[in-house]
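# Coordinate analysis (summary)
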There are 2 protein chains.
Amino acid sequence: MNTPGYVIGADIGGGSARVGAVLSNGAIIARVRVDSSPRSGYKPLVKRVRAAIERIIATQKAQPISMCVACAGAVDFSRNVISSSPNFPGWRDVPLAEDLARGMGFPLFLENDANAAAFGEGWIGAAKGWPDFAMLTLGTGVGGGIVLGGSVYRGFNGMAGEFGHLPVSAADMKCGCGRTGCLETTASAFGVARLAARILDTKQGAALRRSCRGAREMVDAKMVADLARSGDLACRAIMRGAGAELGEALGALALSLGLSRFVIGGGMAGAFDLLKGPMRKGALARAYTLNTRSLRIVQARLGDDAGLLGAARVALDAVK
Amino acid sequence: MNTPGYVIGADIGGGSARVGAVLSNGAIIARVRVDSSPRSGYKPLVKRVRAAIERIIATQKAQPISMCVACAGAVDFSRNVISSSPNFPGWRDVPLAEDLARGMGFPLFLENDANAAAFGEGWIGAAKGWPDFAMLTLGTGVGGGIVLGGSVYRGFNGMAGEFGHLPVSAADMKCGCGRTGCLETTASAFGVARLAARILDTKQGAALRRSCRGAREMVDAKMVADLARSGDLACRAIMRGAGAELGEALGALALSLGLSRFVIGGGMAGAFDLLKGPMRKGALARAYTLNTRSLRIVQARLGDDAGLLGAARVALDAVK
């Protein structure tokens, strides 16, 4: 791929929007970050992102070839609208592409953010060269994306890869979705923090109490991971449990989708060293179709740029 | 598609092998059934299936365009061999295609049997016109296949769609695979019979005891379904539970794969009237990405011919 010029990739999150000028080799040659908190409303958000796009174009002194905006939620590709978004609860069939591109003079595409992140990792990240894999993004919840045959796999609603609510056998906590047994109740940063809060007042929670110095709200997944690394048995058990549940979900994906390669990203991927062993063990136990040779689980490499880069790649592919 | 001539589709099961001459419109114009029990060994099986192929050719007085053999297990498409098969435990990298086609003068392809059945239903069965769906085959275990974009989706090992061992939250019985929580422990014919055996000696099992007249080994999924239809509360609860677990698995497939359309086949699909309601409810409860409009669950239509017809379609597509 040797497209002359550049594309714009953008990733609109629940807190900030990242907008970047990207070359066909994946180099980010300019970037702008603006506030995208849902509180300010849709029109001000569109205005800020448009301003960011204009600043990018000004730095390049040239129009981009095309642009793609990644956003959490369900994308209706036939109409180029966001049907709904967990980050922006009021959005219903929002014509984000049209509103951002108006008068800009280049095509603008939409993509689900987790799908974009997976596509980015597959392009120039941890899954480079893998035609088929799934990425699990461990953040407040658990999101994900699937790449099949080197392309984003979207499913009927543009948001395949919603792994957070997959049933896992050992999870007994109530999920935000109203059900029990969802993967993200144990394997997300929020889930790990909640499991830690459960033991905070018990004998097992002594190390956690010392770490947070009585400020219970300071207990988070990173604290649990740090204590686990320092040898605290209770925190090691929590991380091992999260890894095992993730492994069970990977096994389910191996069985149902015939996938054997997985990328783990998001904030909690910082604990990849603790999660990897139990994940592999859990996946191999669940899926008789996997073996130690075929199963590959790697940590994401692109960090917060995965969505922006994946969006850029969608923009490049769309005009090829 | 107006291919002149015919193809041969075959479905080698653990008990019998079905071989048929199929036209490009899906009509089966000749069929032969031979024994395929694994006891007799590989070479005699190859001999019998080859004889069946020769009989088909003799009835048609013309060579087929091509042929495809569907078989349970993992297919290595790069080498055209069966890597392993649950029905034939001794098979390791068996060159079934080469052995069956030797001297025949037409190309012979392999396919996983559950994938072939799904492909058949998508061609001229219950899923006709659906580009994307999964089929769950409820037999002794639970198998399945996935069609994406109108093509068989195979996954890395040629056997995507192994839904029987997906974890479901309420299942607490030990599975043949050694784990607990597998879908097929409650949602297969074997699982339903086992759940019925659990209550056979209790007050709830009175109707079952009457039905089987003391012959416990006669209790099967059909008996449970018949009693459920006649109003027996315990049997209704078993079928409702099986439906709910299936629904949870369909919800997991909707979330992870972005699928919204499902075909239910296999022997236990005869209880579709009892399973459908709980399945829909379970799927909608698990997957927030589904709604009553988008979710479609239908009963398979091709019965035991699904695999043969799907194989025939693979054979047709392969030489197009």
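Below or above, wherever it landed, is the structure these notes cover.

Conventions used here
Residues numbered from 1 in each chain as written. Chains lettered and ligands numbered in written order. Predicted model: local features only at pLDDT ≥ 70, side-chain atom pairs only at ≥ 80, totals over all residues. Least-squares fit on C-alpha atoms with pLDDT ≥ 70 in both. Contact = placed C-beta atoms within 7 Å. Helix = DSSP H or I, 4+ residues; strand = E, 2+ residues; numbered from the N terminus. Nonpolar A, V, L, I, M, F, W, Y, C, P; charged D, E, K, R; others polar. Pairing = 2+ DSSP bridges. Axes fitted to C-alpha atoms, helices over the stretch in contact; angles between N-to-C directions. Parallel < 35°, antiparallel > 145°, perpendicular 65-115°, else oblique.

## Thoughts on the relation of the copies chain B and chain A
These two copies of the chain differ by a rotation about an axis and a displacement along the same axis. In screw terms, the move from chain B to chain A is a rotation of 180° and a rise of 0.0 Å along the axis, fitting with an RMSD of 0.0 Å. On this basis, the relationship between the two copies can be described by a two-fold rotation axis. Both copies contact each other with a shared surface, as 100% of the interface residues of chain B are interface residues in chain A too.

## Side note on the interface of chain B and chain A
Counting from both sides, the interface comprises 33 residues of chain B and, opposite them, 33 residues of chain A. Per element, the largest residue contribution to the side of chain B that touches chain A is 6 residues, and it comes from helix H8 (residues 233-257) of chain B. Of the residues contributing to the side of chain B that touches chain A, the split by class is 15 nonpolar, 12 polar and 6 charged.

## Remarks on the sheet that holds strand E10 (residues 151-153) of chain A
Backbone hydrogen bonds hold the strands of a sheet together, and the pairing may be parallel or antiparallel. All names here are of chain A. A sheet is described by the order of its strands in space; here 5 strands give the open sequence E10-E9-E8-E11-E12, paired in mixed fashion. Looking at which strands have only one partner, the edges of the open sheet turn out to be E10 and strand E12 (296-299). Strand-to-strand twist in this sheet, taken as the mean axis angle between neighbours without regard to direction, amounts to 25°. Examined bridge by bridge, strand E9 (residues 142-148) and E10 share 3 bridges and lie antiparallel to one another. Paired with Ile146 across the strands is Tyr153, a residue of E10.

## Some points on the packing of helix H3 (residues 113-124) of chain B against helix H10 (residues 306-318) of chain B
Residue and element names in this part refer to chain B. Two numbers describe how H3 lies on H10: the axes approach to 6 Å, and their chain directions differ by 80°. The orientation of H3 relative to H10 falls into the category roughly perpendicular. Residues Asp113, Ala116, Ala117, Ala118, Phe119, Gly120, Glu121, Trp123 and Ile124 of H3 touch H10, and the partners they reach there are Ala306, Gly307, Leu309, Gly310, Ala311, Arg313 and Val314. Classifying every residue of the contact of H3 with H10 by side-chain character gives 10 nonpolar, 3 polar and 3 charged.

Honestly, that's just the spatial picture; any functional story needs more than this.
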